[in-house]
Amino acid sequence: MRQDSRSDAGGSGSLTDLFVSVVIPTYRREQVLLDTIGYLRPQVAGRGEIVVVDQTAQHEPAVARELTELDASGAIRWLRRAQPSIPAAMNAGMLAARAPIVIYVDDDVIPDEGFIEAHLDAHRRHPRSIIAGRVLQPWHVSGQAPLDGLAGSEPAAVDEFIGCNFSLPTALGVAAGGFDEQFIKVAYRFEAEFSLRLRRGGAGLQFWPAASLVHLRSGSGGTRSYGDHLRTFLPAHSVGEYYFLLAARPSGWLRLAFQRLRRSVLTRHHLRRPWWIPATLISELGGMAWAIKLVLSGRRLLEAAA
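Rules used throughout
Residues numbered from 1 in each chain as written. Predicted model: local features only at pLDDT ≥ 70, side-chain atom pairs only at ≥ 80, totals over all residues. Heavy atoms only, no water. Helix = DSSP H or I, 4+ residues; strand = E, 2+ residues; numbered from the N terminus. Buried < 20%, exposed > 50% of the residue type's maximum accessible area, 1.4 Å probe, protein only. Contact = heavy atoms within 4.5 Å. Areas by Shrake-Rupley, 256 points an atom, 1.4 Å probe, with all protein chains shown as cover. Polar contact = N/O pair within 3.5 Å; in protein donor to acceptor, adjacent residues only side chain to side chain. Patch = residues over 30% accessible without salt bridge, like charges linked within 9 Å, V, L, I, M, F, W, Y side chains within 5 Å. Salt bridge = Lys/Arg side-chain N within 4 Å of Asp/Glu carboxyl O. Pairing = 2+ DSSP bridges. Right-handed = clockwise from strand over helix to strand, strands pointing away. 1 Å grid on protein atoms, 1.4 Å probe; cavity = no way out; pocket = protein on both sides within 12 Å on 5 of 7 lines; lining within 4 Å. Points joined across faces, edges and corners; volume = space filled by probe spheres on them. Nonpolar A, V, L, I, M, F, W, Y, C, P; charged D, E, K, R; others polar. Core = buried A, V, L, I, M, F, W, Y, C linked by side-chain atoms within 4.5 Å. Phe/Tyr/Trp six-rings, centres within 6.5 Å; stacked < 30°, edge-to-face > 60°.

Caption draft 1: Seen up close, the overall build of the chain. Along the chain, the regular secondary structure elements total 11 helices and nine strands. Per-residue burial for the chain yields a buried fraction of 51% across its 306 residues. Expressed as a percentage of contacts within the chain between residues at least 6 apart in sequence, the contacts between residues at least 24 apart total 81%. As displayed, the chain offers around 14100 Å² of accessible surface, 56% of which is attributable to carbon and sulfur atoms.

Next up, the structure:
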């Protein structure tokens, strides 16, 4: 297992031959992680590298063996982190990336053929921009929801992206300070803060549907490790929204904070199960208090932004 050796390019040629670094942050995922790597390897071969930022304490033996072999052969770079954190793992991947473009994908996705090339094409057309790729969730695949928004088919300038499929110039992300590591636990809304901060700095944000993947939303691991946000009094799911509103202060931020609190208990789940309302209110108020504490302690960005 490598920590960050820069002596080769993962079997893809010299560093000057690299066009793209594909970063896969992962936490408590097993075979689905290997499947994701397997889908990406043919598209990356000869043009880039795959960087797996692994926060899993201990894998199943067969998975650990395969990851070890992939790393030893140069098929991937396997970086380990002891403390789980979505933005910290993404920052580690950004700093380790050797190519001028970095693509982030979740550890439970199926990319379309031509996925990598579509991202690179988007950057040729839209320099100094974040590229938001198309994300088909299970409810899109099943036909239960329309193919609109970031599941749509028309390129467009947008305000936000989904963290399971986006790309940007590596230097742009590092210069902006990377991702704010004050987004803790499920890190809800870290994408919104990052995109708003970069757009305020003059960067573009473009939806590019040709860079499409299916997000499997695996039932275990990842953010699912923190439980169901509708059935908990813990603030792991709510703190990110309040931190984003208080730290980034988008237009109407105070109104949005109170709307979040009110709407959190006005769901079909709560109308059918009103006994969960007190627990949800505790979760929301706890998240708000936690967010205030995080704001007071300041953002945690990469030193390059200083």
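Right, picking up where we left off after that structure.
Caption draft 2: Molecular detail of the side chain of His59. Topologically, His59 is positioned in the loop between β2 (48-54) and α2 (61-73). Exposure remark for His59: the relative accessible area of 8% places this residue in the buried category. At 3.1 Å, the side chain of His59 forms a polar contact with the side chain of Glu30. Only 2.5 Å separates the side chain of His59 from the side chain of Asp54, close enough to count as a polar contact. With sequence-adjacent residues up to four places away left out, His59 is seen in contact with Arg29, Glu30, Leu33, Asp54, Ala64, Leu67 and Trp78.

Caption draft 3: Up close: helix α7 (residues 190-200). Most of α7 is tucked away, with nine of its 11 residues classed as buried. For α7, the complete set of buried residues consists of Phe190, Glu191, Ala192, Glu193, Phe194, Ser195, Leu196, Arg197 and Leu198. Packed against the buried residues of α7 are α3 (86-96), β6 (129-136), β8 (165-169), α6 (170-175), β9 (204-215) and α8 (239-248). Within two residues after α7, Gly202 carries a phi angle of roughly 105°, on the positive side.

Caption draft 4: Highlighting a nonpolar patch on the surface. Taken together, Phe233, Leu234 and Ile282 make up a surface patch of nonpolar side chains, about 320 Å² in accessible area. Tracing the chain through its elements places Ile282 in helix α11 (residues 277-297).

Caption draft 5: Main features of the pattern of salt bridges. Taken as a whole and judged by the stated rule, the model has 17 salt bridges. Arg199 is paired through a salt bridge with Asp159; the nearest N and O atoms lie 3.8 Å apart. On the criterion of sequence distance, the pair formed by Arg199 in helix α7 and Asp159 in the loop between β7 (156-157) and β8 is long-range, its members being 40 residues apart. For Arg197, the salt bridge is made with Glu193, and the minimal N-O distance between the two is 2.8 Å. Residue Arg197 and its partner Glu193 are both found in helix α7; the two are separated by four residues, about one turn of the helix. Of the two residues examined, Arg197 and Glu193, each falls in the buried class. Where salt bridges share partners, they join Arg47, Glu117, Asp121, Arg124 and Arg125 into one cluster.

Caption draft 6: Fine view of the environment of Gly93. Its location among the elements puts Gly93 in helix α3. With 42 residues separating them along the chain, Gly93 and Val51 place their C-alpha atoms 6.7 Å apart. If near-sequence neighbours (up to four positions away) are discounted, Gly93 is found in contact with Val23, Val53 and Tyr104.

Caption draft 7: View of the pairing of strand β3 (residues 77-80). In this structure, β2 lies alongside β3, joined through four bridges in parallel fashion. In the sheet register, Asp54 faces β3, and the bridge partner there is Arg80. Crossover β2 to β3 through α2 is right-handed.

Caption draft 8: Up close: the layout of surface pockets. Within this model, the second largest pocket holds a volume of roughly 230 Å³. Lining the second largest pocket are 12 residues, with Gln83, Pro84, Ser85, Ile184 and Lys185 sitting closest to its centre. Its residues assigned to classes, the lining of the second largest pocket comprises six nonpolar, two polar and four charged.

Caption draft 9: Unusual backbone geometry, seen in detail. Unlike most non-glycine residues, Arg28 shows phi in positive territory, near 60°. Relative to the elements of secondary structure, Arg28 occurs in the loop between β1 (20-26) and α1 (31-44). For Arg189, which is not glycine, the phi torsion reads 80° and is therefore positive. By secondary structure assignment, the location of Arg189 is in the loop between α6 and α7.

Caption draft 10: Geometry of the environment of Thr280. Considering the arrangement of structural elements, one finds Thr280 in helix α11. With 45 residues separating them in the primary sequence, Thr280 and Pro235 have C-alpha atoms 8.8 Å apart.

Caption draft 11: Structural view of the nonpolar core. Formed by 41 residues in total, the largest nonpolar core has its most connected members in Tyr104, Ile130, Phe166, Leu168 and Phe179. Broken down by element, this core gets its largest block of residues, six residues, from α8. One finds Val20, Val109, Val135 and Cys164 within the second-largest nonpolar core, a separate group that totals 26 residues.

Caption draft 12: Highlighting the packing of aromatic side chains. On inspection of all chains with the given rule, the structure shows eight aromatic pairs. Here Phe166 and Phe179 contribute two aromatic rings whose centre-to-centre distance is 6.1 Å and whose plane-to-plane angle is 80°, an arrangement assigned as edge-to-face. Placement of Phe166 in strand β8 and of Phe179 in the loop between α6 and α7 is noted, with a sequence separation of 13 residues between them. For the pair Phe166 and Phe179, one class covers both residues: buried. With 4.2 Å between their ring centres and 25° between their planes, Phe179 and Phe194 make a pair best called stacked. Residue Phe179 is found in the loop between α6 and α7, and its partner Phe194 is found in helix α7; the two are separated by 15 residues along the sequence. Classification of Phe194 by relative accessible area gives buried; the value is 0%.

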